[in-house]
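# Results of the structural survey
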Number of protein chains: 8
Amino acid sequence: IRVGYPEVIYCEGKTVEQVKSIVEFMLTKNKNIIATRASEEMYKAVKEICEDANYNKLGRIITIRRTEEKYTDSYIAIVAAGTSDLPVVEEAAETAKILGNRVEKVIDVGVAGIHRLLANLDIIRGAKVIIVVAGMEGALASVVGGLVDKPIIAVPTSVGYGANFGGLSSLLSMLNSCASGVSVVNIDNGFGAAYIASMINKI
Amino acid sequence: IRVGYPEVIYCEGKTVEQVKSIVEFMLTKNKNIIATRASEEMYKAVKEICEDANYNKLGRIITIRRTEEKYTDSYIAIVAAGTSDLPVVEEAAETAKILGNRVEKVIDVGVAGIHRLLANLDIIRGAKVIIVVAGMEGALASVVGGLVDKPIIAVPTSVGYGANFGGLSSLLSMLNSCASGVSVVNIDNGFGAAYIASMINKI
Amino acid sequence: IRVGYPEVIYCEGKTVEQVKSIVEFMLTKNKNIIATRASEEMYKAVKEICEDANYNKLGRIITIRRTEEKYTDSYIAIVAAGTSDLPVVEEAAETAKILGNRVEKVIDVGVAGIHRLLANLDIIRGAKVIIVVAGMEGALASVVGGLVDKPIIAVPTSVGYGANFGGLSSLLSMLNSCASGVSVVNIDNGFGAAYIASMINKI
Amino acid sequence: IRVGYPEVIYCEGKTVEQVKSIVEFMLTKNKNIIATRASEEMYKAVKEICEDANYNKLGRIITIRRTEEKYTDSYIAIVAAGTSDLPVVEEAAETAKILGNRVEKVIDVGVAGIHRLLANLDIIRGAKVIIVVAGMEGALASVVGGLVDKPIIAVPTSVGYGANFGGLSSLLSMLNSCASGVSVVNIDNGFGAAYIASMINKI
Amino acid sequence: IRVGYPEVIYCEGKTVEQVKSIVEFMLTKNKNIIATRASEEMYKAVKEICEDANYNKLGRIITIRRTEEKYTDSYIAIVAAGTSDLPVVEEAAETAKILGNRVEKVIDVGVAGIHRLLANLDIIRGAKVIIVVAGMEGALASVVGGLVDKPIIAVPTSVGYGANFGGLSSLLSMLNSCASGVSVVNIDNGFGAAYIASMINKI
Amino acid sequence: IRVGYPEVIYCEGKTVEQVKSIVEFMLTKNKNIIATRASEEMYKAVKEICEDANYNKLGRIITIRRTEEKYTDSYIAIVAAGTSDLPVVEEAAETAKILGNRVEKVIDVGVAGIHRLLANLDIIRGAKVIIVVAGMEGALASVVGGLVDKPIIAVPTSVGYGANFGGLSSLLSMLNSCASGVSVVNIDNGFGAAYIASMINKI
Amino acid sequence: IRVGYPEVIYCEGKTVEQVKSIVEFMLTKNKNIIATRASEEMYKAVKEICEDANYNKLGRIITIRRTEEKYTDSYIAIVAAGTSDLPVVEEAAETAKILGNRVEKVIDVGVAGIHRLLANLDIIRGAKVIIVVAGMEGALASVVGGLVDKPIIAVPTSVGYGANFGGLSSLLSMLNSCASGVSVVNIDNGFGAAYIASMINKI
Amino acid sequence: IRVGYPEVIYCEGKTVEQVKSIVEFMLTKNKNIIATRASEEMYKAVKEICEDANYNKLGRIITIRRTEEKYTDSYIAIVAAGTSDLPVVEEAAETAKILGNRVEKVIDVGVAGIHRLLANLDIIRGAKVIIVVAGMEGALASVVGGLVDKPIIAVPTSVGYGANFGGLSSLLSMLNSCASGVSVVNIDNGFGAAYIASMINKI
Ligand SMILES: Nc1ncnc2c1ncn2[C@@H]1O[C@H](COP(=O)(O)O)[C@@H](O)[C@H]1O
Ligand SMILES: Nc1ncnc2c1ncn2[C@@H]1O[C@H](COP(=O)(O)O)[C@@H](O)[C@H]1O
Ligand SMILES: Nc1ncnc2c1ncn2[C@@H]1O[C@H](COP(=O)(O)O)[C@@H](O)[C@H]1O
Ligand SMILES: Nc1ncnc2c1ncn2[C@@H]1O[C@H](COP(=O)(O)O)[C@@H](O)[C@H]1O
Ligand SMILES: [Mg+2]
Ligand SMILES: [Mg+2]
Ligand SMILES: [Mg+2]
Ligand SMILES: [Mg+2]
Ligand SMILES: [Mg+2]
Ligand SMILES: [Mg+2]
Ligand SMILES: [Mg+2]
Ligand SMILES: [Mg+2]
């Protein structure tokens, strides 16, 4: 059966009580639920009313499954530069999976060590659509874009300091990519990247 | 026969002579050629060495066809806010077409007159992927994103003045879209949007 | 009797004691009092010297009524995109009410789900002046502006992350609105928007 | 008879021919026409097809009247800091007038010579709504806002140099106004300010 | 006897121990000492080694007098917009005084209530040099500059929120002042303003 | 006799005719006249109605003397980094002189060759007030500030390219000067710097 | 024996456990280890598994030596403006040393007191390559660049407030240096500067 | 014989006459001369007084040789992303050569086609120091930095449009490089990069 659209909550700036009661209401609809930017306290509160709620601590995302899903045969590759980018990778991966997509992660392949990236090209090229997650100078999107003929959703991250200006360097870098096939979402927006990638993967 | 990758020239900051001689060399490869941001003088110079070169004046784009193309059945919808956004629309449309895609344009449907947009929903919803072109506040990407379940490639344009800061307002607006399914390319980058849309449309 | 100008305190960056003693002094003038950006501790301190002080926790605003008010027949519509914008909505609503205005709230009508907005058009169109509160890409101001022929006071909010840059994306979006009739106040300035709307509503 | 909504053309980035043919089409509707940011050449071209077209050279605005208008009794005051702000004043004034409003201009009253402003307070206070036009530091909006109890539409102008950054200093200044009752439109947007002021003046 | 140059410590980012030991060393020189941006803990630590150290809590400044001073006859006027600007006023006042200057404060005279400012003109005009402290839109510097023929040192403050961007609006405003005679120091730099004013006052 | 305040015109964005007619009117007042940012055409037009008008081509400034002046004994030193800063130096020097000040220029003493600066210290230290003009990284203000105990008016210039961002680098540099005694005016504002320096020099 | 490349960990945003386990793994390679931006807790955790780990508290850097090193004869000079820049100096010095370089520090030689710098010129000129560390206006890089004919690696620091914008003023200043021979690394990046300096020093 | 320091003129913003007369004076010193950002007219004027002056049209640089030079054995590699970066490449190459360095250019090796870069690795790795020139997203610096163990001087160029913001995207990208060994000069500053590279190459 086809995976329907999940209910989505963006938890940032909400109280534990608010998140809990929104989930409570959503549970009545019998649809999948995603709660992004969720703290552990929020997860504990949700767990009280929903035993099978899942929490990805690194990705700070709660997922609740209510529809039986069959994963796609084709997959989304999530390619990431460094270990500091993992929270965004996890937000993207959990989102992609609850939306019914097979996911392959290729992490720690930053451009400063291009051979690690080249060694993983097959798995990246095998994907139907690719999510590239990178902070600092965000060069990874361009390099992957140059190596692969698939649509790339680039996610700049706020990883860095100084002239990084909260992810601005990576964002501008990706928007100015000299490689064709790269489009960009907001800084740290793993959820959004996965949502679009899912749309494309399911075509 | 399948449409191969075209040769692409970005003419901004090149001289007429440079463009002409690059085209001359490319013609030897017998592939399609796209030259974006091309002036009329450039077109005239190219015409001298290639009779069947085409020029879209508004879109400032030269196209030369060398492979026999069969357009896709599915189509890319290009949705634009105002008449000032037309140069970007044309750059996108010409690119999409030479890449072998059927294109449907829906123009002058800015959010200040939402009913015009709603009246054209069927044609937009019928597309496999949608390019949204908008300057000023760039709200159109979010509105279309809320109405349609297809991947949207948003192109901010530099149309506007004052606090528009050369397209920044529209760019930030699109990156912060509250609608899921929107990814963004550089300001005025009609070519890039069409390239990605073509990748998706041909899946 | 006509509602006079209230005394207003902006509590941010003041100590609990400072706020309390300013209120104490103001109480001697027998006028309405508004204290914005007030914490619960501030409210408790004020309560000690003024039993009938009111506190809107979400809007972080203390109000004290000293003049008997008759609400206007015409009303101010406060239209908001998402639940995260509610603190600004509440600040605006409390301000508008203590200034003697009838207020109608239309919330959770963000442009990503335009039909909810269209379903509430009558109540919005019935207003004499409209306050639009929106974060992220702030597109709501343009959309409402295109649907209604009333003056619109747009309040960008700091809701969002990444390329939102503390409300900048929404602010620029609203300043560049392609819809006529939209003017803008500072980010998160619900108080200021209500003050102007009240001036217009009472003409 | 009531003054209906005019047709509006924003001429920036359009060719003389485009403006002429848009006007030609609009003339068939028998409504008032406003063309902002219009060059003299555009005016001459329009004049060929419409003898009674008017051109305000300083304000770079073409107006064509087709509905018999009765000006409002109440008036809009347009208050401006310096002579360099006059183009924006004229754009606002012409727009306000063709929309059927009585207009009173108070110019050259920048805050560096506050007494000139104080000497003109009566005419400003007598207005139903006030447009304040100022470049450089834009302080005039706050000063007028402190002296008058009427809604103020502030228009920052791009007049200045250096740390003015194309009107940014004036824009930020007006958005942060410590005076209540001030809302802001885009840099140099005299048209937009007049449109909103007209809405308020006609209540 | 002439007041020599004091020793100055900028405490931000230093530990309590570091501040204490720097003061300890400085005490051996028998000169006046100023420690700006000092916390109460720092003051307590300094007090242990120097009984007559003074602390201005609001201005977060420690002063230690070692040279007998005779105040100037002429005075520095410190003019401030609102109560939130008082920390900067106090930093400036303490600095000016330990440098041997007579100081007159004129506070709470923001431009939104120009009459309070006009009522205090005599004391401002009587000064040899004027420090103007203002946040938000910083208009006070221009208004005072227009009313007085004395050199004005303008101090933008970080007071405000949203489009204030940490004092940027006020800073740009003051740099673009249309009034002659205004020069500017860094945001919140009360110390620096007083230092320059002292140089001028002692000419 | 004391030098009174001159009339000042800022010519940028004015037409030749406007400047001419403003000067014509000012001549009736028998006061000194300064016209900054004036083109040669403007000068020629002014010359037609005023034979003794002077033009400093590099400084783009017209001066007309009507009051017999006695220069001050004390002088203003104008210190500049490079030859590209000379237009600003000339604007400042002409302004200072017509205001009745003795002026000493020390040019081409940029910090990249500190010995040239040190060789000129006496003339700089002998001034009552110092104007420092510098573009690029604007370091000269801090270096002079560290060497001299006089008030310094720093003028950032727009000289530079790339990350200079129109004078921003120099402006920020001067605002963050680690040397006490430095206050700043707008980018390229030689006129304003001289005006303040004159106020101080005449104390 | 030649000093090989060390393993490097950037600890910001990692947990104590993560850092500990990465070090644990690296220890198996028997190479030198550098962990930058490390907290004391991290150091304590590392100490448990590696007795001879070193911690530079000010520089927040852990170093572990596994290769016997012979320091270079030539040295890297690290020149710093103020005491607040010391954390960056220490990060650079520790990095340079574990990479096998002799290091000479020249601190507290900010341009506001140029004579201290001139007094230390010999030690600076004797270096093979120079690291200049400075916050606020970052003028030190240009001044040293003008005095010395050696390659200079400039490190802007985030020391400052207000218009410093997190190190931006110093960064722009150094990028616009009028002295030849200056290249720049990211704000506060002492590690990176030392890495490059080591490459040059070992040529 | 050793190549001495050349005389350098930055021609931007100077008149043809100024450049000519500065060169005339410099010729008396019998040293090499470099004039950057020079127009063809400037070259023609210089040619009149110096027959052996050379002009690199693309690099807009005039060079005059007066010292007999012996090129270094080691060389500087200049690596560039695209053909639009060639003017900066030429400025760097001419500068490096007149300073006496052997130069090897590796152009058109942008990261979108990484294999071209990999194919040229030997020539890059053989250099003593590397200049990387790239616009748009500037990723090339990081990729080269990851592949080579030599000091890299990165030159961001202003090539690009939209969110490139005059070279800002490339500049930030290079400053945030995740590869060790990369330092950065100002946007388009080919001269400065070559000057530093020469210092290093001659060690
Ligand atoms: N991490 C995220 N980034 C951007 N948008 C999100 C994220 N998580 C959820 N959303 C969007 O936020 C909406 C929910 O917002 P709210 O109603 O405030 O919880 C959803 O419809 C999503 O489209
Ligand atoms: N000066 C102006 N500033 C902002 N918006 C304007 C201006 N002039 C016209 N407009 C708007 O631009 C629209 C016309 O745009 P267009 O169809 O591109 O000519 C009108 O509906 C107006 O709302
Ligand atoms: N170069 C300049 N920079 C800044 N302000 C100036 C300059 N020249 C003149 N002014 C100011 O501009 C005012 C004249 O402006 P305006 O009436 O528009 O000619 C004078 O009172 C001066 O204070
Ligand atoms: N303080 C620092 N600033 C910039 N880069 C650093 C710093 N410390 C370590 N690095 C780089 O970060 C990499 C390690 O990152 P990670 O794998 O996330 O620990 C190393 O290869 C270094 O090149
Ligand atoms: Mg690709
Ligand atoms: Mg959608
Ligand atoms: Mg409307
Ligand atoms: Mg008011
Ligand atoms: Mg004055
Ligand atoms: Mg000094
Ligand atoms: Mg040097
Ligand atoms: Mg390397």
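Residues numbered from 1 in each chain as written. Chains lettered and ligands numbered in written order. Predicted model: local features only at pLDDT ≥ 70, side-chain atom pairs only at ≥ 80, totals over all residues. Heavy atoms only, no water.

### Brief notes about the interface of chain A and chain G
For an interface, size is often stated in terms of accessible area lost upon the parts coming together. Each partner contributes to the interface: chain A provides seven residues, whereas chain G provides ten residues. For the chain A and chain G pair, buried surface summed over both sides reaches about 680 Å², with 56% attributable to carbon and sulfur atoms. Counting across the chain A and chain G interface gives zero salt bridges. Tallied by class, the residues present in the side of chain A that touches chain G amount to three nonpolar, four polar and no charged. (Contact = heavy atoms within 4.5 Å. Buried area = accessible area lost by both parts, 1.4 Å probe. Salt bridge = Lys/Arg side-chain N within 4 Å of Asp/Glu carboxyl O. Nonpolar A, V, L, I, M, F, W, Y, C, P; charged D, E, K, R; others polar.)

### Quick look at the relation of the copies chain A and chain G
At an RMSD of 0.0 Å, chain A and chain G line up after a rotation of 90° and a shift of 0.0 Å along the axis. Those values place the two copies in the arrangement expected of a four-fold rotation axis. For chain A, the minimum C-alpha distance to the rotation axis belongs to phenylalanine 165 of chain A and amounts to 7.0 Å. (Least-squares fit on C-alpha atoms with pLDDT ≥ 70 in both.)

### Digging into the site of ligand 2
The environment of ligand 2 is made up of 14 residues, and the closest members are Tyr161 of chain B, Ser180 of chain C together with Tyr10, Lys14 and Thr36 of chain D. Looking at what sits near ligand 2, you find residues from chains B, C and D. Within the backbone of tyrosine 10 of chain D, an N or O atom sits 3.0 Å from an oxygen atom of ligand 2. Interatomic distance of 2.8 Å between a side-chain N/O atom of lysine 14 of chain D and an oxygen atom of ligand 2. (Near = heavy atom within 4 Å. Polar contact = N/O pair within 3.5 Å; in protein donor to acceptor, adjacent residues only side chain to side chain.)

### Brief notes about the coordination of the magnesium ion (ligand 5)
Only Gly145 of chain A (O) and Val148 of chain A (O) from the protein coordinate the magnesium ion (ligand 5), and they sit 2.1 to 2.4 Å from it. Take glycine 145 of chain A and valine 148 of chain A: they sit in the same class, and that class is buried. (Donors = N, O, S within 2.8 Å, 3.2 Å for Na, K, Ca; no water. Buried < 20%, exposed > 50% of the residue type's maximum accessible area, 1.4 Å probe, protein only.)

### Overview of the coordination of the magnesium ion (ligand 8)
All names here are of chain D. Note on the magnesium ion (ligand 8): its protein donors are Gly145 (O) and Val148 (O). The metal-donor distances range over 2.1 to 2.4 Å. On the accessibility criterion, glycine 145 (8% relative accessible area) is buried. Given the relative accessible area of 3%, valine 148 is considered buried.

### Points about the interface of chain A and chain H
If you look at the interface, chain A gives 25 residues, while chain H gives 25 residues. Counting across the interface, chain A meets chain H through zero salt bridges. At the junction of chain A and chain H, the tally comes to 13 residue pairs in polar contact (both at pLDDT 80 or more). Among the secondary structure elements, those contributing two or more residues to the side of chain A that touches chain H are α4 (114–119), α6 (140–147) and α7 (168–175) of chain A. The element contributing the most residues to the side of chain A that touches chain H is α7 of chain A, with five residues. Here the side of chain A that touches chain H is composed, by residue class, of 16 nonpolar, eight polar and one charged. (Helix = DSSP H or I, 4+ residues; strand = E, 2+ residues; numbered from the N terminus.)

### Some words on the site of ligand 1
Neighbouring residues of ligand 1: 14 residues in total, closest Tyr10, Lys14 and Thr36 of chain A, Ser180 of chain B together with Tyr161 of chain C. Surrounding ligand 1 are residues belonging to chains A, B and C, so the site spans chains. Measuring from a nitrogen atom of ligand 1, one finds a side-chain N or O atom of asparagine 189 of chain A at 3.1 Å. Out of a free accessible area of 500 Å², ligand 1 has 77% covered by protein chains. It is strand β1 (residues 7–10) of chain A that provides the largest number of residues to the shell around ligand 1, a total of three residues. Class assignment of the residues belonging to the shell around ligand 1 gives a composition of six nonpolar, five polar and three charged. (Areas by Shrake-Rupley, 256 points an atom, 1.4 Å probe, with all protein chains shown as cover.)

### Looking at the confidence of the model for chain A
Model confidence for chain A is summarised by a mean pLDDT of 94, while 98% of its residues fall at 70 or above. Both confidence scores are given for the complex: pTM 0.95, ipTM 0.94. (pLDDT = per-residue confidence, 0-100.)

### Focus on the environment of valine 143 of chain F
Mapped onto the secondary structure, valine 143 of chain F falls in helix α6 (residues 140–147). Distance in space between the C-alpha atoms of valine 143 of chain F and alanine 80 of chain F is 12 Å, their sequence separation being 63 residues. When near neighbours in sequence (up to four residues on either side) are disregarded, valine 143 of chain F contacts Val111, Ile114 and Leu117 of chain F together with Val111, Ile114 and Val143 of chain G.

### Concerning the relation of the copies chain A and chain H
For the match of chain A to chain H, the screw axis carries a shift of 0.0 Å, the RMSD comes to 0.0 Å, and the turn is 180°. Taken together, the rotation angle and the small translation identify this as a two-fold axis. Identified as the residue of chain A closest to the rotation axis by C-alpha distance is alanine 139 of chain A, at 2.4 Å. Looking at the interface residues of chain A, 100% of them are also at the interface in chain H, so both copies use one shared face.

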